[in-house]
Every structure is written in C-alpha cells, then in structure tokens.
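Chain by chain, the residues run as shown.
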Amino acid sequence: MTEKVLVLAGKTLDKVMPAIRLGRLRAEPTDLRRLDPGSCACRVEDVLSINLGPLAYFCDASESDPLHVAVSAPGLRRDLRGFEFSLFPEEFPAGTLMAISPNILVPSFPAYFMLKARDLDFEELLLLGMELCGTYAHDSYTRADGRCEFLVEPALEADDLRGYLEEATGIKGVNPAKTAASWILDNSYSPQETILALEQYLKPMRGGRGYPKPRLNPEIEVPREFRRLTARDTFKPDIYWEGMLDLEYDSAYHSDPAQVERDKARASDVQALGIPVIQATGLSLSTCERAELLGRQIGKALETGMGRPMTMRLRRLYAPELQERRDRLHLKLRRLSGLDGGRRAR
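Residues numbered from 1 in each chain as written. Predicted model: local features only at pLDDT ≥ 70, side-chain atom pairs only at ≥ 80, totals over all residues. Heavy atoms only, no water.

Asker: Hey, could you go over the confidence of the model for the chain for me, with residue numbers and the actual values?
Answerer: The predicted coordinates should not be examined in detail at positions where pLDDT is low. On average, residues of the chain score 92 in pLDDT, and 94% of them reach the 70 mark or higher. Every residue in residues 342–346 scores below 50 in pLDDT, and together they form 28 contacts with partners more than four places removed in sequence or on other chains. (pLDDT = per-residue confidence, 0-100. Contact = heavy atoms within 4.5 Å.)

Asker: Before we move on, can you summarise the pattern of salt bridges with the specific residues and values?
Answerer: The tally for this structure, following the rule as stated, stands at 25 salt bridges. Between Arg-43 and Glu-45 there is a salt bridge whose closest N-O contact spans 3.6 Å. For Arg-43, a relative accessible area of 39% translates into the label partly exposed. Residue classification places Glu-45 among the partly exposed positions, given a relative accessible area of 46%. Notably, a salt bridge pairs Glu-321 with Arg-325, separated by 3.1 Å at the nearest N-O pair. With Glu-321 and Arg-325 both in helix 11 (residues 320–337), this residue pair falls 4 residues apart, about one helical turn. You can call Glu-321 partly exposed: its relative accessible area is 44%. (Salt bridge = Lys/Arg side-chain N within 4 Å of Asp/Glu carboxyl O. Buried < 20%, exposed > 50% of the residue type's maximum accessible area, 1.4 Å probe, protein only. Helix = DSSP H or I, 4+ residues; strand = E, 2+ residues; numbered from the N terminus.)

Asker: How would you explain the environment of Ser-62 if you had to name every residue and give the values?
Answerer: Position of Ser-62 among the secondary structure elements: in the loop between helix 2 (44–48) and strand 3 (67–71). When the C-alpha atoms of Ser-62 and Arg-228 are compared, they prove to be 67 Å apart, with 166 residues separating the residues in sequence. A polar contact of 3.3 Å, which involves the side chain of Ser-62, links it to the side chain of Ser-64. At a separation of 3.2 Å, a polar atom in the side chain of Ser-62 contacts the main-chain amide nitrogen of Asp-65. (Polar contact = N/O pair within 3.5 Å; in protein donor to acceptor, adjacent residues only side chain to side chain.)

Asker: Pulling in residues and values, what's your account of the pairing of strand 3?
Answerer: The buried fraction of strand 3 is high, at 5 of 5 residues. Neither face of strand 3 is exposed, since Leu-67, Val-69 and Val-71 on one face and His-68 and Ala-70 on the opposite face are all buried. In the sheet, strand 1 (residues 6–8) pairs with strand 3 via 2 bridges, with the strands oriented antiparallel. Bridge pairing in strand 3 places Leu-8 opposite Val-69. Here 5 bridges tie strand 3 to strand 4 (residues 83–87), and the two strands are oriented parallel to one another. What sits directly across from Val-71, in strand 4, is Leu-87. (Pairing = 2+ DSSP bridges.)

Asker: Can you tell me about the packing of helix 4 (residues 122–132) against helix 6 (residues 174–181), naming the residues and giving the values?
Answerer: Geometrically, a packed helix pair is captured by the angle between its two axes and the distance between the axes. Closest axis-to-axis distance for the helix 4/helix 6 pair is 9 Å, and the angle between their directions is 65 degrees. The two elements helix 4 and helix 6 meet at a crossing, and its hand is right-handed. Along the contact surface, helix 4 presents Phe-122, Leu-125 and Leu-126, while helix 6 presents Pro-176, Ala-177, Thr-179 and Ala-180. (Axes fitted to C-alpha atoms, helices over the stretch in contact; angles between N-to-C directions. Left-handed = near helix turned anticlockwise from the far one by under 90°.)

Asker: Go over the packing of aromatic side chains, please, and point to the residues and values.
Answerer: The geometry of an aromatic ring pair is captured by the separation of the ring centres together with the interplanar angle, meaning the angle of the planes. This structure, assessed with the given rule, holds 4 aromatic pairs. Ring centres of Trp-183 and Tyr-201 lie 5.1 Å apart, and the angle between their planes is 65 degrees; on these two criteria the pair is classed as edge-to-face. Of the two residues, Trp-183 is situated in the loop between helix 6 and helix 7 (191–201) and Tyr-201 in helix 7; the sequence distance between them amounts to 18 residues. On the basis of relative accessible area, Trp-183 is assigned to the buried category, the value being 16%. Residue Tyr-201 is classed as buried on the basis of its relative accessible area, which comes to 9%. For the ring pair Phe-235 and Tyr-240, a centre distance of 6.0 Å and an interplane angle of 85 degrees mean the geometry is edge-to-face. Using a relative accessible area of 3% as the deciding quantity, one classes Tyr-240 as buried. Note that Arg-206 overlies the ring of Phe-122, its terminal NZ or CZ placed 3.7 Å from the centroid. (Phe/Tyr/Trp six-rings, centres within 6.5 Å; stacked < 30°, edge-to-face > 60°. Lys NZ or Arg CZ within 6 Å of the ring centre and 35° of its normal.)

Asker: Can you break down the sheet that holds strand 2 (residues 28–29) residue by residue, with the values?
Answerer: Read across the open sheet, the 6 strands follow the order 2-5-6-1-3-4; overall the sheet is mixed. The open sheet terminates on both sides in strands that have one partner only, identified here as strand 2 and strand 4. With respect to the sheet, helix 1 (residues 10–21) is in contact with strand 1, strand 3, strand 5 (97–101) and strand 6 (104–107), its orientation differing from that of strand 6 by roughly 85 degrees.

Asker: Tell me about the nonpolar core, and please be specific about residues and values.
Answerer: In terms of nonpolar packing, the biggest core is built from 100 residues, with Leu-8 and Phe-113 touching the most fellow members. For this core, the element with the highest residue contribution is helix 4, accounting for 7 residues. Once you skip the residues sitting within four places of it in the chain, Phe-113 turns out to touch Leu-125, Leu-128, Gly-129, Leu-161, Leu-165, Ala-177, Ala-180, Ala-181 and Ile-184. Counting residues in each nonpolar core, the second largest holds 9 residues, with Val-222, Tyr-240, Leu-273 and Val-277 among its members. (Core = buried A, V, L, I, M, F, W, Y, C linked by side-chain atoms within 4.5 Å.)

Asker: Would you mind going over the sheet that holds strand 13 (residues 245–250) in detail, with residue names and values included?
Answerer: Pairing is mixed across the open sheet formed by 4 strands, whose spatial order is 9-12-13-14. The open sheet has two edge strands, strand 9 (215–216) and strand 14 (277–281), and neither has a second partner. On the sheet, helix 7 packs against strand 9, strand 12 (239–241), strand 13 and strand 14 and is oriented at approximately 30 degrees with respect to strand 12.

Put into structure tokens, the structure is as follows:
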C-alpha cells in the first residue's frame, strides 16, 4: 500500500461501527494482514490528502470532538489539532480491517470487539458481543438515548469471533476478549432476551445460575409422530433448552390481541410436545426479586428434565453470597442495557 491511510480508532469507532452495522455507512472487507508504519497518515499534509467526506455525517475533526485514529508505530503519534492518535498492531490476522474508502480503514467487528476489551469490563463486553451476534442494534454506543433497531442482520457469529481471537493471540486486549467471547450466544432478538439468557447461563461466580447452555431463537422441527397434535411443523422458541423448556419473552409487541392469540396457540403446540413453556415479561426483569423468582421457576422446569444433577445444583444456588452476586449482575445488566433509564455504557 503506497497511499497514506487513516485507521479509525477509539471513540470515533463507537460512532462509526453502529452506522456500518445499520447499513448507513458502507465498509468492505480487506485482505490486509499488515499495516506498514509508512502508510499511516499522521502529518497535516497526509490528512489533507484524504477525503473525509464519508465520515462527515457521523463524526467531526475538531478540538472539541477529535477524530480518533491509529498508527502502527509509537513514534508516529502526533499532537495534531482535531486528531487523537493511538497504537494499532503492525501485523494482525486476516479479516482485521475493513475499508470505508481507499484511504479510510476501520476494524472489522471481531477486531472492534477485541479492541474494546482494553476498556470494557466483562459484563460490558458480553452485552456488546451478544448484540453483535444478535439481530438487534443500537444506533449509538455512547449516548443514553440511542435507539435500538430490530430484525437486523447479525454482524458476526460467535464461533467466528472466537476463531478470530484465537488467531489474534498476543495482541493487546485479546485475553479478556476471549474470556467474554466464550460465553456469547448467537441470535438474541433483543436486549431483554440477552439479559434473560445470560442470567441463567453464566456460572454462579459470575452472577449467573449455572444452568445448561440454551439456544436462542432456533427453528425446531416438530417430530413426525407429534404432527397430529400441532398446527405447525416447526416452532421457534425464544430461549430454548433442548426438549426441556421454552422460555418466551413477551414484549409490548405481544400485547396486540391478534398476537396474543397466536402466542397462546403456539404455546399449546409446544406443550403438546411435552415441553413446558414459561412466559417472561418486562415485569420479570424489573427487580432482583422478580428475576430471582423467574430463575427459580426455570430451574424447577430444568430439574424435571435433568433430575438429580440439577437438584444438587439448585441447592447450592441458595447460598447468600451467590444470591448477592445474582442481584449485582441483574442490576448491572439492566443499567448497561438502558432498561432502568440509566446511561448505556459501551
């Protein structure tokens, strides 16, 4: 690469990456595996030669709101008005960089997740990863009033994220990224589903209940021998423990009378297969006490399906220390997701 390039970084990415996710800004994958220090724009003349037009709507380059960019050698960081410099690895795995234009590069979503691991804690990374692997997307990672859009294509799959991080061994941020990525599930449809799943699935020392790993919104085929009992050949549970439980989250969308009837018919079909259905609502997430009650109901249903191993696991969860951890996790996930009206952190 002979032309100078800007590699966007830091807080600028928190504005640009949601725009890419939502299709408001186009970015194409590259096959780059090395960022030569000599290619990094870091001087005034370098910057002036690059068309910043594609970024004009999303970010500025001023003293009050500097453009955060990266260079691949420490000596290239400059005190340049309107810009703030950070360090990017000189060599990296394939699939690390995308191009907004020939001269403006951004990290791919797996690389962005890894870079954010330098600043975010475990729970913040979990929520970011679940969103990137889910079908919902906030239009801002920095504002409390960021809107959430639904039925959005996932930015990546959890296995692909974990595979990328394995190749990125040695890069700053990769170890905490790996720890969080090991718990990320694909295909969450909303922040509420994300919270519900994580609170059941995380290990107790992380504030979860240590229940078996669920699947989110899978398409399940009705066995042929049961098709006389159901009105459909497939069903799609929100949070599903194979053959043991269908946990449904009923949002405001489900209050429509016609949708209520469809939900009831669907629940009857699932129960005809011998699978219990538990309904959760916003009220189920409103307080620690409500979340605990729901968790115990889920545990009881899983105990029926798993027997003694689950019985012993449930008894250990009554320890006061673990209850306190669950309360702290619940409050933190609500706050970080903006469900209590607080600032959403990213």
